[in-house]
Structure formats: structure tokens, C-alpha cells
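One letter stands for each residue in the lines below.
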There are 4 protein chains.
Amino acid sequence: MTERIQDIAHLGRIELFTPKIDRTRWFFETLLGMEVAHADGKSLYLRGYGDYAAATVKLTESARPGIGAVSWRTASPEALARRVSAIKAAGLGERWREPEFGRGAAFRFRDPDGHGMDVYYEEQKYAAPAELRSTLKNLPIKYTARGVNVRRLDHLALLARDVGLNREFAQKILGFALREQVLFDHGKTELGSWLSPSPVHHQVAYVADVKGGHGRLHHISLWVDNREDVLRAADILAENGVFIEAGPSKHNNSQGFYLYSYEPGGNRVEVYSGSYLVFAPDWEVVTWNEEERGTGVYWGSPLPESFITYATPDVVEEMALARKIPVFDPV
Amino acid sequence: MTERIQDIAHLGRIELFTPKIDRTRWFFETLLGMEVAHADGKSLYLRGYGDYAAATVKLTESARPGIGAVSWRTASPEALARRVSAIKAAGLGERWREPEFGRGAAFRFRDPDGHGMDVYYEEQKYAAPAELRSTLKNLPIKYTARGVNVRRLDHLALLARDVGLNREFAQKILGFALREQVLFDHGKTELGSWLSPSPVHHQVAYVADVKGGHGRLHHISLWVDNREDVLRAADILAENGVFIEAGPSKHNNSQGFYLYSYEPGGNRVEVYSGSYLVFAPDWEVVTWNEEERGTGVYWGSPLPESFITYATPDVVEEMALARKIPVFDPV
Amino acid sequence: MTERIQDIAHLGRIELFTPKIDRTRWFFETLLGMEVAHADGKSLYLRGYGDYAAATVKLTESARPGIGAVSWRTASPEALARRVSAIKAAGLGERWREPEFGRGAAFRFRDPDGHGMDVYYEEQKYAAPAELRSTLKNLPIKYTARGVNVRRLDHLALLARDVGLNREFAQKILGFALREQVLFDHGKTELGSWLSPSPVHHQVAYVADVKGGHGRLHHISLWVDNREDVLRAADILAENGVFIEAGPSKHNNSQGFYLYSYEPGGNRVEVYSGSYLVFAPDWEVVTWNEEERGTGVYWGSPLPESFITYATPDVVEEMALARKIPVFDPV
Amino acid sequence: MTERIQDIAHLGRIELFTPKIDRTRWFFETLLGMEVAHADGKSLYLRGYGDYAAATVKLTESARPGIGAVSWRTASPEALARRVSAIKAAGLGERWREPEFGRGAAFRFRDPDGHGMDVYYEEQKYAAPAELRSTLKNLPIKYTARGVNVRRLDHLALLARDVGLNREFAQKILGFALREQVLFDHGKTELGSWLSPSPVHHQVAYVADVKGGHGRLHHISLWVDNREDVLRAADILAENGVFIEAGPSKHNNSQGFYLYSYEPGGNRVEVYSGSYLVFAPDWEVVTWNEEERGTGVYWGSPLPESFITYATPDVVEEMALARKIPVFDPV
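Note that this is a predicted model, so its numbers are computed, not measured.

Reading the values: rules and limits
Residues numbered from 1 in each chain as written. Chains lettered and ligands numbered in written order. Predicted model: local features only at pLDDT ≥ 70, side-chain atom pairs only at ≥ 80, totals over all residues. Heavy atoms only, no water. Salt bridge = Lys/Arg side-chain N within 4 Å of Asp/Glu carboxyl O. Helix = DSSP H or I, 4+ residues; strand = E, 2+ residues; numbered from the N terminus. Buried < 20%, exposed > 50% of the residue type's maximum accessible area, 1.4 Å probe, protein only. Least-squares fit on C-alpha atoms with pLDDT ≥ 70 in both. Contact = heavy atoms within 4.5 Å. pLDDT = per-residue confidence, 0-100. Buried area = accessible area lost by both parts, 1.4 Å probe. Polar contact = N/O pair within 3.5 Å; in protein donor to acceptor, adjacent residues only side chain to side chain. Nonpolar A, V, L, I, M, F, W, Y, C, P; charged D, E, K, R; others polar. Expected span 1.5 Å × (residues − 1).

Undergrad: Pulling in residues and values, what's your account of the pattern of salt bridges?
TA: Applying the stated rule across the entire model yields 96 salt bridges over all chains. Salt-bridge contacts for E228 of chain C lead to R227 of chain A; the nearest nitrogen and oxygen are separated by 2.9 Å. Of this pair, E228 of chain C sits in helix 4 (residues 227–239) while R227 of chain A sits in helix 4 (residues 227–239), which puts the two residues in different chains. Each member of the pair, E228 of chain C as well as R227 of chain A, is classed as buried. For E292 of chain D, the salt bridge goes to K137 of chain C, with nearest N and O atoms at 2.9 Å. Here E292 of chain D, found in helix 5 (residues 290–293), pairs with K137 of chain C, found in the loop between strand 8 (116–120) and strand 9 (152–160), and the two come from separate chains. By relative accessible area, which is 33% here, E292 of chain D ends up partly exposed.

Undergrad: Account for the relation of the copies chain A and chain B, with residues named and values stated.
TA: Under the fitted operation, chain A is carried onto chain B by 0.0 Å of movement along the axis and a turn of 180 degrees, and the coordinates agree to an RMSD of 0.0 Å. Seen this way, the second copy is the image of the first under a two-fold rotation axis. Residues of chain A ranked by C-alpha distance from the rotation axis are headed by N226 of chain A, positioned 2.8 Å from it. Counting the interface residues of chain A, we find that 100% of their copies in chain B are interface residues as well, pointing to one common contact surface.

Undergrad: Could you give an account of the confidence of the model for chain A, with specific residues and numbers?
TA: When pLDDT is averaged along chain A, the result is 94; 95% of the residues meet or exceed 70. Of the two predicted TM-score estimates for the complex, the pTM is 0.96 and the ipTM is 0.94.

Undergrad: Which residues make up the interface of chain A and chain D, and what are the values?
TA: Contacts between the two partners involve 18 residues from chain A and, on the opposite side, 18 residues from chain D. For the pair chain A and chain D, the two sides together bury roughly 1,400 Å², of which 43% comes from carbon and sulfur. Linking chain A with chain D are 0 salt bridges, by the criterion used here. Inspection of the region where chain A meets chain D yields 16 residue pairs in polar contact (both at pLDDT 80 or more). A class-by-class count of the residues in the side of chain A that touches chain D yields 6 nonpolar, 5 polar and 7 charged.

Undergrad: How would you sum up helix 4 of chain C? Please name residues and give values.
TA: Given 3.6 residues per turn, any residue in an α-helix points the same way as the ones three and four places further on. Residues and elements named next belong to chain C. In a regular helix each residue adds 1.5 Å, so 13 residues correspond to 18 Å; helix 4 covers 19 Å between its end C-alpha atoms and thus fits that length. For helix 4, the buried fraction is high: 13 of the 13 residues fall into the buried class. Following helix 4 by one or two positions, G241 adopts a phi angle in the positive range, close to 70 degrees.

Here it is in C-alpha cells:
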């Protein structure tokens, strides 16, 4: 056994593209209860009441929905230097980017499927405005009790044409631990892999893109502390006419208690709780075959067909962009 | 900034001494819903349904209550070797111990206050008996729905004559991150420090022993997934005549939602949920002075006097043993 | 407006037939956490921890599943006399029955669809055995924390060939208040009606028997206090291999939070919470047409085809019995 | 046994006096999430999202806090006529009052302790404005998810110099059922009585006024559906600097899960869930003596001294008004 690289601390920020920035803002701010910490050009920077960083979700106006940068914070400046070297060595590095709201310089790269990603270390302190200060000294901002009031960013799921390639990249180059996998055809077809840099069950999942696209998003996931909060989220979304695609129900893999909806810009957003922490350094990957995986549901509503086929952006539009896909040889 | 040592993966096992082993077993097995995985001489080995290890709580019959060994699992064999060297260099090492149920060799040492601790890496796979197998492939054993049905071991709090000395030991020798502190007298008196080797808010707390004892236990803490489960635990303890010392209520530091009771052997046991995960590698320690700390409660029942004065074993008995206290110079 | 008859206090007891009495007992006792208060011949008498009566669910071994007697307790002896007269006048009365465990004489009748029903007033005091006494003086028996630990019987749903006829009977002869209705074809087809003798939203529902049977059961429903308890019930049923037909999800009509399963004998059993109390004496019946009713779900899993087609006993068996159907002219 | 009078359907509306109408409005509207349905002179009319009536809490600006009218809705016009006769016969009637927002004529009387009360039947239909319409046809208005978002008015507790006199009045003249009592000195001192016109455990409690005042309020109580909602309410009140007097904890009598705070005008307001419904027509009153009653808490925070001594208005001010107390002879 080789020691696992522990250079990535956690998922730091995700950027969502949306063609309906005002309605998307309403969804995250009014319904999910996040705070808009900053606005800058075509982008809004939002945060949950429990996110320690100034912003964890960036919304950027765009012609079509989808995922922008996925940013990973490193455990130290040294760890950042090591990861940048490893990424460059793997041929996936692009360039250093200028600091943006709330954080310092970040190094941009692409995963093998072409999703834009950053690694960075510097995170600036966020000084909450007076009206958002909590009476709890260890709470970054006030619990406003507006709408769902999600606590923090938890994870995201990305589609990939070759799940195995991206999973190996996350393991070998980023140092993530593999937690669960869906393997069909006697282990020959890798349909999904769930990985994390920390005891959080997963912070990124790679799932097969059945339409053969590249760089697409399956969903982002926001955390609430209790299953009851997920039920309450269903009440809130239903009252406001927001489409609920599936749940509240319980996944078999991850044991996550989920609710999937589409924000008005088209991206799938999960409100999430439950799951379990993984502390074992020698965790034995849990695998699910066709029969064991079933519908992906332990109990509750079966996942609809759209859960497999719908992602952002739509693959037709995506291919028209002829996005350049980097090459990664995991061997 | 020096990079933090990430050699300890998590709290692996705690041993409780009890003068009433049968009643203590009833408390953990029937009321809290843990499983007895193994019995060996004067010891019982228990586990929560979500603990991946074969056993996380060891109950040992003894003349008086208190804490036995506190065991920490390392992230790798190499990490174990490094920690053993560091502990020896600090002059706190004792000896290698034989494997016991569920795990391999462990190196015994004492923290500066004299609490017995182990570091180890090898953890044997646990094969659940047929009647305890879960229908969820990623659940170590069945959710039996007996009593409180605690999920897993979460943390413990130890009393120490010199909190700072033990806190420094945990930081420098074990590599734990400091999360919150209670500092009175303008920062000169360190009343409590909360530390963890992982994003879990704390896995060990050191709190001042107001009776000037050594090697004593304040409480162990067992995790349930929801606050509602803690309320349910109160119903169960109250129905069975078990003394509830405080809660269910919410701490200000840690934001933990707690319920403290004494198991029949005398040790304080917490049923716990809530709190928050700490992902920031440069987490700014949250400190509480006299005024901010208040009663330690954000809302709910004030902590009674016994919460400060009661610990196991009683200090009079403890001093009679003239336990040898090791010397640790953190400089 | 005529004043509503308030002679029936509440649903007192339901009898279930089961061809698998031992497995059915396991379901109600071990999984749902009810207590067997009495055994008598082929029948077992069970109760939830919050039921004030000695027994509320009677299980009777039988060749096939289905509903036995549905018993209604009156508000007083005078109220009983009045209801017996009204039932007799309606031509639906049968005979006085001997006292059975926990209660006095009951008058047997049939609703227009042929379901056997009783009205009674005398309910004997239940003296809990020592080990089942609660530490709460106002709790009938101990909260044992075994399995789902349902609190009490809540309601039942009966299939009927002519919903309107049975609904009118419940209103005019029993004095129940009508709460909600599903009316299709511009109000001409009455698919379901929900009625209650008290502020509880409904204690009986009549739903159209699409197979044209008589005297059949759709489901019985047992109450838990929180939605979280329903989710926990799903965990418990799933761990024990019990089929979950639908939920946990939220109905639109009644706002009930439901989980439907089949007990081993074949009868549909609901674990239920939420809904709402109706205090208005002039409650305006809420009606749902094809579009509004949708799938019967506000959010969560769609109700499967079996929810419409499956009932106990199977209609083929039922018709073979050539059960005599009474005649009721509501005019 | 005489049949119980079932003429009162439920508690319909309570009026609170407040010297700080703006801050009191902020408390009920912004923190508790009620809607202001109407404003009229010095009064605001509020409602919970689940209240079927247009308004259930009336706030009236006043020099000092306290309770205004307590209004009871009857089951029918005939029932109203009967209650008015009975009240007049008891010598406690005052006069017919003009219709106010949302309801028709009401007959004003005083309970033996002098609290102003109304009985009425006519309740006008409430047409929610478009932005408050729910997507659930059986929900009176939208679930806005603002703050605590209490569902409905549940009950109130009144102080009385002579608890027994007022309890007998509620039983004999209003027809309420007695549910629980606190009786000290071997049953000779009646400290508190809990009564209700329906299966709701209690809609009014009379508790001894230890200061010997008259016509005072102990608390009003607002319902939420789950215990988790009460915990959330504690988070919200704590974040907004509102004093929490006691809880969240569980009472022994009533089994209510409570949180007591003072609204800015000074009146005690409870956020409440749990408890139990009483269906038995021959309910055996649960009595608590000194030892059984203890602190009134089943588990959780002991009730502070203020819970006994604080009420609105302060008794000194109250006596200065020399309120005329009616005479009621229950024999």
C-alpha cells in the first residue's frame, strides 16, 4: 500500500452557468435561502449559512446551462505546489488564473472529460455585514430561516464519456479516495464512481454520459442537517411550482437522502442529508452490480428516466461547441 | 505555516471501566442499541450499526469506573511508524501491546495527563453473523431499531490538570487540529480545548480537572443522525429510569446537540448529533471568554454544577492509586 | 343547516384476517412495535403505546386476508342507543354481540357495501403489567422503542362498489363529517370520500372498488408522531425485507405523510403522520377532479398501479363467498 | 353519567394587548412566520398558514400587555343559542358585540376570574390574495417558509385566583372535558386544570395566580407539526436575540414539547408540538401530586421561577384597574 496523497482539503467552489440569471438567483436566494455575498459583472457569488468561505456557489449568466469551474482547495501552499506539478506532469494543466472574489490565485486544468477545474489555496477571510452576523460565534453568518436555508455546498456529480479514466485521474493526480462504484457486465462496465478527498462520503461522482457528451453536469448538491429539512424543502419547492424530479427518498449507494429539482436555468440541484462519513484509511470499495444497484433507490420513489438522460448542457448544443478534450493516460 | 501532520485517521476505540458490567451492558446494548460483537474475559466489545470496525467501545469490569485505553487508528503503516517515533521521542511511549479482538498490534503511550492511549493501524475485517447482515450493502451491520440505536462512536472528553500541555501534545505529536477553546482571564487560563484529526469537529476535548485529578474521563459521545433521534433517546432513557444530567439542548461551542446521562457503572455518556464539519485547513480557532462562553449552552437547559464537578473515577479514589504521570515538555 | 350528530367518538378497533398469523404477529409486534395484550383462540389483540384502549387491532387467523369487524365507540350509552336505533331503522342492523376482550356488548351491523361494523360504548380499563408501565403517568403503557413503535390506530380505507351510498350512510346514520372527495367526470363519479366523527381529518375513507368487489379493505393506518418516524419505518421495513408499495411521500388530499406496505398476511398497512385537524363545524368539503387529483401525491413517489388494483381479499375469492349485501336507501 | 355538552367546536381567536405593537408584529410576522390578514385601527389580525379562519390572533395596541378577548366558536347556530342562554343563566353574560374582521356577532361574557370571552358561530370565508394561495387545495394559504412558520393557534393558559371555580365553569357552562390536573395537599389544592372542547388535549388551562391577580394571561400557544420545528424555532429566536424562558423540553403533564419565550410586548408565547389527542369519552382525569408533578418537566430544562411568577399584565398594574370580577356559583 502506498500512502494516499492528502493534498486536497475539500471542494471549495462550483460555478454554474445559467441562461436565466434572475430566476436562478431567486431559486438559490429566496427558496434555498443562500446569501448573495458579491456581484461582479455577469456573476453572483453565493454561500450557505454554514460555508466558512465567502462564496461556494458562483452563478454566471451564459447562453446555456452547465458547469463552469470546479474548484478544489488544497491543505497548504506546499500541497498546492505539489498538485500543480502533478497536474502539469499529467498534461492536463492550463494556466494560473487571477484571484477572484474571496480567494487568491488558482491553477486551471481540465479533468480527462474536459470539465474545467481549479486548485487553489488562498481563501480570504469573509467579514459578514452586521445584519448577517450570527449570535453563535462559530457560525460564519446568521441562520436566517429563509426558505430551505441550506447549510453548505456538499458535492457534485459530473458526467463523463469514460468514467474509469476520470476516476483514475481523481485518485492518482488529485489523491481522492474511492468509496463506491456501480460496475455492470461482471465488472467490465464502470457506470459510476464516487470519490472524496476527506471523510465526507463523496465530493465528486463521475457517472457515464449515456449521450456521449463531454464536460457535462449531472447535479450539484447542497447540504441540510436533517432528513426533516429535506422534506421541508419538498414542501417549499412544491409551493413555488419548482419541478421535483425525484425524492425525497433514500439512495442505496451513499445512503444519501435526496431531493432532486431543476433550478430555473436548467441545472439539476440536489438538497441532501444523511449519507455517512468514511473514516477507514483502507476502506474497501463498495461495488454494485446490475442486480444490487437496482434503481439506485433503497426506498422511496424510483429514479425516472430523465435522471439518466437529462444533464446540462444538452449534448447537442455541447457538441456544437467542439470543446477541446485533453488527453490523460493514467498508466 | 508548517503542513499539518495527517497521520491519525480517526478515533478507533475507547475502553470504559465499570464496576457494574451487567447493568452497563444493558445500558449500551438494550437502551442504546449497540451490538456485543465479542466477549473475552472481563471485557465486552461493542459496536454501533454504522461503525466500520468490529468494535469501538470496550467495556471492562473493574473496581471503579473510568476510562481505559483511548485508541487512535493511523492512516497507514508508515504513519503508524512515524507516530510511534514521535511519541517515543516525546518520552511518552510505553510498549507494544498484543493484538486484541478486531485489530492488530498497538503501541501504548500516555498523554501528559496520564490517560492511557494506543496508536495502531491493523484493523481486521468484521464478518457480521447472518442475522445482523444489512440489506444495504454499504452498511456494516443491520439497523436493528432497538432502543436509541446509536450509529457510531464520535468523540470523548478527558479531564486534565493542565489543558494546555495536553492540547499541545495532541497538536504537535498526534497532529490534531485545534478547533475551539475556552480561555478565561484574558486568555491566560485555558479551560478547554477541542481537537480533531479529521473534518469531524472534535474527536477529543481536554477540559480542566477542577479537582486536580489525573487521567479522568468527562464523557464519551455516541452519534445519531438527527436531532429527533436525540429527543427519542431522552424518551427512552426517561422510560427506563436512567438519570439524564443535561439536555437535550444545544451547546454554543461545537454547536453540538447533546444529551448527557450516566451509564449504570457511573461514566457519563453523551448521545449526540448536529455540530459541524471543519474543512478549512487554516481554520481560525474559535475562542470563548467568560462572557461569551456563558453556561456552555446556546439554548436549552443550563449545565448543572455536576457537569463541572463529576467525572470518573472520583478523584479521591484516583489519587489513592498514585498513578505515575509521565512528563511531556511541549517546547 | 341541521346540527351534526356527535354520537360516535372515534374508531375503536379493527379486526384483520390473516392466513399467516405468526408472520403477521411478527410484523405488528416486532417491526411496528405494538404490544400483544391478549390472545384468545384464533385471535390476538394488539395495541399501540398511545392507544388508551386495551386493544385496537385484532388479528384473526383466517383462510384469506381482509377486514373483519370495524368498531366504533360512541360518546355515551345514550349515544349508543340512538345509533343502534338509527342503524336498525336503516335496515342495516344485525345483532348484539357478546363482550370480547377489553370491551362490553357491541351491536353488529353492515355498511351498505357489506363491511362488518360494530358500535359499542363500554370499554374496560386496561391494567398494564408491571414491565409495561410508563414513567409518564398519562401514557397508557411504556414507550418500548422497539421497531417503528407506532403510537395508535388512526384510520382505515374501505373499498366500496358505490362510494356515494356508503358515504351517505356514514354521514346520515353514523353522523360523520365529510372532509375531502375525489369527484371525476364533472362531479358525476365519486371515486373516494374521506370522513370522520372528530377533528381527526378522517377515520374512514370509502374508495371505489375497481374490481367491483364487496366488503374489501384498502388499508389500515397506524399513527406515528413525526415524519422522521415514517422515514425510520421505511429503514426498518427495508432492513427486514418487507415490501414497501409506496412512500414515504406526501398525499395531496389529507396532506398525509404515508408509507404503504403489505403485512405478511397480505393486508396493506400504512404508517402515517402529518395530515391536519379539522375544527370547522361548517367545513367546506375539498373536492379534487381528474386534473387536481393527479396521482394523489403532492410530492414523492407516484402511487403504483397496485395501489388501485390490489386489495384484500382478492375479488375472485371474495365473490365466491357470495357475501350477502344489505340494502341501504339513503333517501 | 350525563352526556357531555358538545356545543363549543374550538378555540377561535385570542386577542393580545401589547404596548409595543410594531415589535410584537415583527415577532409574530417575521420570526413566527404568521400572516397579517387585516389591520384595523389599533389592531392587527394574524393567522397561521394552517388556520382555516381568516384570523386567529388579534394584536391590539395597549398601555400594557395581557389578554383581551378569548373567543370560542360553537358547533352550530343552535349551539350558540344554547351556550348564550347557559352563560346568561350563570350570571356571567355581558352583551352582544358587533361583527369584527372575519366573523359575525359574538356574545361577550367573563369567566369567573374575569377574563373576557366571546362565543360566536359565524365565520366568514377568507379569500387569500393571489400571492398567498397554496398549490395544495386543502391548505388555506401558502406555506411561506418564513421563520418558524407556525401552523395554527393551539391553546392558551390563563391564571386564576380560584382554579376550581373556573374549571367548573368551563366544564358545566361551556361543556369542556377535563384532561389533567395538578392537585397538591392530598387533592385539596387545585393548582392547575387542563380542559378542551375536542380531542385536542387542552385548549385552555387554568393555573393558580400566585400573586392573587385576576384576568391574567400565562401564555398563548402556537402549533408546529414536528419536534424538529420546535428546535428550529429555538435556533431562530436565539439568532434574533429573543429571550427563551424554557425549553425546548418535554412536559410530563400533556406530554407537550414546548419552547417558551416572551414576545417584545411582554406576553409569554409558546411554540408547541407533540402532546396527544384524547378520544375517550370517559377519559379518567390524570392527576399529579407534589411528588409526581415535580418540576412539570419530563425531561429537559427545569422550569425557572419566572414560569410561576411572571404573567401579563403585572399584578400591581392589574389591581390598580380595579377590574370588576363577576360572581359564578358552580353549584
